[in-house]
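Read off the chains here:
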Amino acid sequence: MPKVEGTYPHSITKEEASNASKKAITKLVASFEATDVVISSGLTGGEENVEFSCKSRGFSITGKVLIKESEVDVTVVLPMVAIAFKGLVQSAMDKHIPKHLGGANE
């Protein structure tokens, strides 16, 4: 499965970064015109994370945001048949995620 990954710095608390990540993911999947959106948060290996899944144009998309002290690591997993959309997903991530982590309100 093709993965789109990005690391984005932040200077807010982990709790604020988690909340900001949820908002950013909401905007991200909205840009995909997604349906059946599920966004949840929890702990994996002692690290806080935000996980999501959705359907867009008939494709199932999943992803995870790992919240760290000064950055977040974002991974979006696409089905093989959606590999052509990898660049669009990367652009959408680069647009929405830093905006929210920087404290900008939309």
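Residues numbered from 1 in each chain as written. Predicted model: local features only at pLDDT ≥ 70, side-chain atom pairs only at ≥ 80, totals over all residues. Heavy atoms only, no water.

**Thoughts on the pattern of salt bridges**
No. 1: Counted under the stated rule, the structure contains 6 salt bridges.
No. 2: Residue Lys14 is joined to Glu47 by a salt bridge in which the shortest nitrogen-to-oxygen separation is 3.6 Å. Here Lys14, found in helix H1 (residues 14-31), pairs with Glu47, found in strand E3 (residues 47-56); they are 33 residues apart in sequence, far enough to count as distant.
No. 3: The class for Lys14 is partly exposed, based on a relative accessible area of 23%.
No. 4: Glu51 is paired through a salt bridge with Lys64; the nearest N and O atoms lie 3.7 Å apart. Taken as a pair, Glu51 in strand E3 and Lys64 in strand E4 (residues 59-67) lie far apart in primary sequence, 13 residues in all.
No. 5: A relative accessible area of 34% means that Glu51 is categorised as partly exposed.
No. 6: If you follow the salt bridges from partner to partner, you end up with Lys14, Glu47 and Glu69 in one network. (Salt bridge = Lys/Arg side-chain N within 4 Å of Asp/Glu carboxyl O. Helix = DSSP H or I, 4+ residues; strand = E, 2+ residues; numbered from the N terminus. Buried < 20%, exposed > 50% of the residue type's maximum accessible area, 1.4 Å probe, protein only.)

**Points about helix H2 (residues 86-101)**
No. 1: The end-to-end C-alpha separation of H2 is 22 Å, in line with the 22 Å expected for 16 residues at 1.5 Å each.
No. 2: Those residues of H2 not exposed but buried are Val89, Ala92, Met93, His96, Ile97, His100 and Leu101.
No. 3: For H2, the elements touching its buried residues are strand E1 (3-9), H1 and strand E5 (71-77). (Expected span 1.5 Å × (residues − 1). Contact = heavy atoms within 4.5 Å.)

**So, the confidence of the model for the chain**
No. 1: Across the chain, the average pLDDT comes to 91, with 96% of residues at 70 or higher.
No. 2: Mean pLDDT values over the elements of the chain span from 90, in strand E2 (residues 35-44), up to 97, in E1. (pLDDT = per-residue confidence, 0-100.)

**Observations regarding the sheet that holds E5**
No. 1: The strand order across the open sheet formed by 5 strands is E1-E5-E4-E3-E2, and the pairing between neighbours is antiparallel. What marks the edges here is a single partner per strand, and that holds for E1 and E2. Strand-to-strand twist in this sheet, taken as the mean axis angle between neighbours without regard to direction, amounts to 15 degrees.
No. 2: Where E2 meets E3, 8 bridges bridge the pair, whose relative direction is antiparallel. Residue pairing in the sheet places Ile39 in a bridge with Phe52 of E3. (Pairing = 2+ DSSP bridges. Axes fitted to C-alpha atoms, helices over the stretch in contact; angles between N-to-C directions.)

**A closer look at the pairing of E1**
No. 1: Residues of E1 alternate between two faces, with Val4, Gly6 and Tyr8 buried on one and Lys3, Glu5, Thr7 and Pro9 left unburied on the opposite face.
No. 2: As paired elements, E1 and E5 share 7 bridges and run antiparallel to each other. The partner of Gly6 across the bridge, within E5, is Val74.

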